[in-house]
Amino acid sequence: MNDTLLPALMGFGTGLALIVAIGAQNAYLLRLGIDGRPSAVLAVVLVCAVSDALLITAGVVGVGGLVEALPAAMVAIRLLGAGFLVVYGLFAAHRALRPGRAQVLVPAASAPGAGPEGEGADGGTTAGPGTALATRTGIGAALLTALALTWLNPHVYLDTVLFLGSVANQQVGEARWWWAGGAVTGSFVWFFALGFGARLLRPVFARPGAWRVLDGVIAVVMLTLGVRLALGG
């Protein structure tokens, strides 16, 4: 039992420690989760968790050596990722500074005094009790954003493939797969908890100003990470 359970628990803890941090991927999933679109949230959660599972498995089977042998590819990924983060950060900053027609009202069902949405003459949504500003995100756009934030981040190859892969391979025999399984489980637990647990914050975001604060924080995170990537950090 200890030969399987202990490596799995160690992998679970190490995997969680690596991904439970304020980053571009987590910030995006948090906002999407608060927006309350279960289909889009589920799609993005699966993209993030399955991507982690693939990267961890790649590290265990030794793809880390290939990553180290292709520095030019890593530079290209770093520059593409930096550009994407900067552009996304600028959009978030625009939403924070000038919320407008790109945002619609969604019901804050759990907020005190929450009421149904209204519909304006132009087919848009009008303000009603218990509603909050949020940006409608289609599944296609959400998936593309999640894929870009995941696979255009060079640190995902260094941290997940190289670091987790090397730690997993320090386990003896089949224990490395139990360790990797624990790390993969940690990823699934975290992304599902973040994506669907974010709905608990909807009462806080019953005020439009709260969305502006969140978008401001996301803008700072995205722009900071983008600039750091562009400078080789």
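Scroll up to find the structure this text is about.
What counts as what
Residues numbered from 1 in each chain as written. Predicted model: local features only at pLDDT ≥ 70, side-chain atom pairs only at ≥ 80, totals over all residues. Heavy atoms only, no water. Phe/Tyr/Trp six-rings, centres within 6.5 Å; stacked < 30°, edge-to-face > 60°. Buried < 20%, exposed > 50% of the residue type's maximum accessible area, 1.4 Å probe, protein only. Helix = DSSP H or I, 4+ residues; strand = E, 2+ residues; numbered from the N terminus. Patch = residues over 30% accessible without salt bridge, like charges linked within 9 Å, V, L, I, M, F, W, Y side chains within 5 Å. Areas by Shrake-Rupley, 256 points an atom, 1.4 Å probe, with all protein chains shown as cover. Salt bridge = Lys/Arg side-chain N within 4 Å of Asp/Glu carboxyl O. Contact = heavy atoms within 4.5 Å. Axes fitted to C-alpha atoms, helices over the stretch in contact; angles between N-to-C directions. Parallel < 35°, antiparallel > 145°, perpendicular 65-115°, else oblique. Left-handed = near helix turned anticlockwise from the far one by under 90°. Nonpolar A, V, L, I, M, F, W, Y, C, P; charged D, E, K, R; others polar. Expected span 1.5 Å × (residues − 1). Core = buried A, V, L, I, M, F, W, Y, C linked by side-chain atoms within 4.5 Å.

Draft legend 1. Looking closely at the packing of aromatic side chains. Here the structure, examined in full by the defined rule, presents six aromatic pairs. With 6.4 Å between their ring centres and 55 degrees between their planes, W151 and Y157 make a pair best called tilted. Classification of Y157 by relative accessible area gives buried; the value is 13%. Residues F188 and F192 carry aromatic rings whose centres are separated by 6.4 Å and whose planes lie at 15 degrees to one another, so their mutual orientation is stacked. With a gap of four residues between them, F188 and F192 both fall in helix 8 (residues 175-197), about one helical turn apart.

Draft legend 2. Geometry of a nonpolar patch on the surface. A cluster of nonpolar side chains, namely L42, L46, V50, L54 and F196, defines an oily patch on the protein surface of about 390 Å² accessible area. A total of four residues in the nonpolar patch trace back to one element, the largest contributor, which is helix 3 (residues 38-60). Among the structural elements, L54 can be located in helix 3.

Draft legend 3. Just the environment of M222, in detail. Along the chain, M222 falls in helix 9 (residues 208-230). Taking C-alpha positions, M222 is 5.8 Å from A24, a pair spaced 198 residues apart along the chain. When residues no more than four places from it in sequence are discounted, the contact partners of M222 are A24, Y28, L85, Y88, G89 and L149.

Draft legend 4. Broad picture of the side chain of D52. Its place among the elements puts D52 in helix 3. D52 has contacts with I19, T160, S187 and F191, leaving out every residue within four places of it along the chain.

Draft legend 5. Local environment of the packing of helix 2 (residues 24-35) against helix 3. For the pair helix 2 and helix 3, interaxial distance at closest approach is 9 Å and the crossing angle is 160 degrees. When the axis of helix 2 is compared with that of helix 3, the two are roughly antiparallel. Every pair of crossing elements has a handedness; the one defined by helix 2 and helix 3 is left-handed. Where helix 2 approaches helix 3, its residues Q25, Y28, L29, L32 and G33 are matched on the opposing element by A40, V41, V44, V45 and C48. Looking at the contact of helix 2 with helix 3 residue by residue, the class counts come to eight nonpolar, two polar and no charged.

Draft legend 6. Just the pattern of salt bridges, in detail. This structure, assessed with the given rule, holds three salt bridges. In this structure, R37 and D35 form a salt bridge, with 3.8 Å as the shortest nitrogen-oxygen distance. We note a salt bridge from R95 to D215, for which the minimum N-O separation is 3.0 Å. Linking R95 in helix 5 (residues 71-97) with D215 in helix 9, this pair joins segments that are 120 residues apart in sequence. The same class applies to R95 as to D215, namely buried. Beyond isolated ion pairs, a larger network of salt bridges with shared partners links R31, R95 and D215.

Draft legend 7. Structural view of helix 5. Helix length check: helix 5 (27 residues) gives 39 Å between terminal C-alpha atoms against 39 Å at 1.5 Å per residue, within 8%. If you check which residues of helix 5 are buried, you get M74, I77, R78, G81, A82, L85, Y88, G89, A92, A93, R95 and A96.

Draft legend 8. Here's a closer look at the packing of helix 2 against helix 9. The geometry of helix 2 relative to helix 9 is characterised by a closest axis approach of 9 Å and an angle of 160 degrees between their N-to-C directions. Here helix 9 runs roughly antiparallel to helix 2, going by the angle between their axes. Two packed elements cross with a definite hand, and for helix 2 against helix 9 that hand is left-handed. Taken together, the residues of helix 9 that come into contact with helix 2 (itself represented by A24, A27, Y28, L30, R31, I34 and D35) are W211, L214, D215, I218, V221, M222 and L225. The residue makeup of the contact of helix 2 with helix 9, split by class, is eleven nonpolar, no polar and three charged.

Draft legend 9. Quick look at the nonpolar core. Within the largest apolar cluster, 33 residues are counted, with the highest numbers of intra-cluster contacts made by Y28, L32, V44, F191, I218 and M222. Sorting the residues of this core by element identifies helix 2, helix 3, helix 5, helix 6 (139-151), helix 8 and helix 9 as the ones contributing at least two each. With ten residues, the next largest nonpolar core counts A53, A168, W179 and V184 among its residues.

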